[in-house]
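Descriptive structure summary
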Amino acid sequence: MARDRLTQGGQRAAGLLWLGGLTLVLSLVLAAGAGLTTASASCPHAGAHTHQVSLGKLRKAMACLVNHERGSRGLHKLDSNGRLERAAQHHTDAMLAKDCFRHRCPGEPGLGRRVKRTGYTHGYRRFRFAENLGYDNTPREMIRRWLRSGFNRRNLLKRRFRDVGVGVGWGTPKASLPDRKFETYTVVFAWRTR
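Quick look at the structure, then. (Residues numbered from 1 in each chain as written. Predicted model: local features only at pLDDT ≥ 70, side-chain atom pairs only at ≥ 80, totals over all residues. Heavy atoms only, no water.)

A short note on the packing of aromatic side chains
For any two aromatic rings, the description comes down to two numbers: the centre-to-centre distance and the angle of the planes. We count it as follows: Aromatic contacts are taken between Phe, Tyr and Trp rings whose centres are within 6.5 Å, Trp giving its six-membered ring; a plane angle under 30 degrees counts as stacked, one over 60 as edge-to-face, and the others as tilted. In DSSP terms, a helix is any run of H or I states spanning at least four residues, a strand is any run of E spanning at least two, and both are numbered starting from the N terminus. A simple rule labels every residue: compare its accessible area, found with a 1.4 Å probe on the protein chains alone, to the largest value its type can have, and call it buried under 20%, exposed over 50%, or partly exposed in between. Throughout this description, the term charge over a ring refers to an Arg CZ or Lys NZ atom that lies within 6 Å of the ring centre and within 35 degrees of the ring normal.
All told, the structure shown has five aromatic pairs when counted by the stated rule. Seen from their ring centres, F101 and Y135 are 5.2 Å apart, and the 75° between their planes marks the pair as edge-to-face. With F101 in the loop between α3 (82-98) and α4 (111-117) and Y135 in strand β2 (residues 126-136), this pair connects stretches of sequence that are 34 residues apart. Residue classification places F101 among the partly exposed residues on the basis of a relative accessible area of 33%. Here Y135 falls in the buried class, since its relative accessible area comes to 16%. Every member of this aromatic cluster is reached through a ring pair, and the members are F101, Y135 and F182. When the ring centre of W191 is taken as origin, the NZ or CZ atom of R160, which lies over that ring, is 3.6 Å away. Positioned over the ring face of Y120 is R192, at 4.0 Å from the centre of the ring.

A short note on the state of the cysteines
Condition: Throughout, a disulfide means two cysteine sulfur atoms within 2.5 Å of one another.
Applying the stated criterion across every chain, the model contains two disulfides. Across the disulfide, C43 is cross-linked to C64 (sulfur-sulfur distance 2.0 Å). Between C43 and C64 the sulfur-sulfur dihedral comes to about -80°; the bridge is accordingly left-handed. One end of the pair, C43, is in the loop between α1 (8-42) and α2 (55-71); the other, C64, is in helix α2, and 21 residues separate them in sequence. Note on C43: relative accessible area 0%, which makes it buried. At a sulfur-sulfur separation of 2.3 Å, the disulfide partner of C100 is C105. Across the S-S bond linking C100 and C105, the dihedral sits near -100°, which makes this disulfide left-handed. Summarising the burial analysis for this pair, C100 and C105 share the class buried.

In short, the description is geometric, and any link to function would need to be established separately.
This is the structure in structure tokens:
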């Protein structure tokens, strides 16, 4: 009967190979989570759950996370814009009031008209907008969800955008879900040229 035997040197080599593989796996796991962990450290309140902090702090956390994700991919940061924030907040409020999770709720103008009404486009010949909608437990979780969606990911990482406005509210735009567990977000991305 033949037996496979490892020599002492072979056993040492196998052990080193196993240890090297384990180190590689742990490194990959840590690297995969490092992006959002770093974002959490540099973006206060990124992990804040519903009603733990003010809506203003959640708005700032979301804008910070958007810019962190863009910066980590070599893209320029977006400037917060009060006019876009008004358009985003108006839509968040409409979604929550009407239990409507769409880009245009009944009785509400579409994104283009909402943004134009704020004066963002006044005096500019060319402009473009995009909008991400969602609800989740924390700003960090919302960003993760958007990054897994092709449409929302493209908006978030589009090179041409220059400005951003964030709307946020307590609750969810779906009557079937418990409001106390969620925050609803509208993020408007835009650029304009004269």
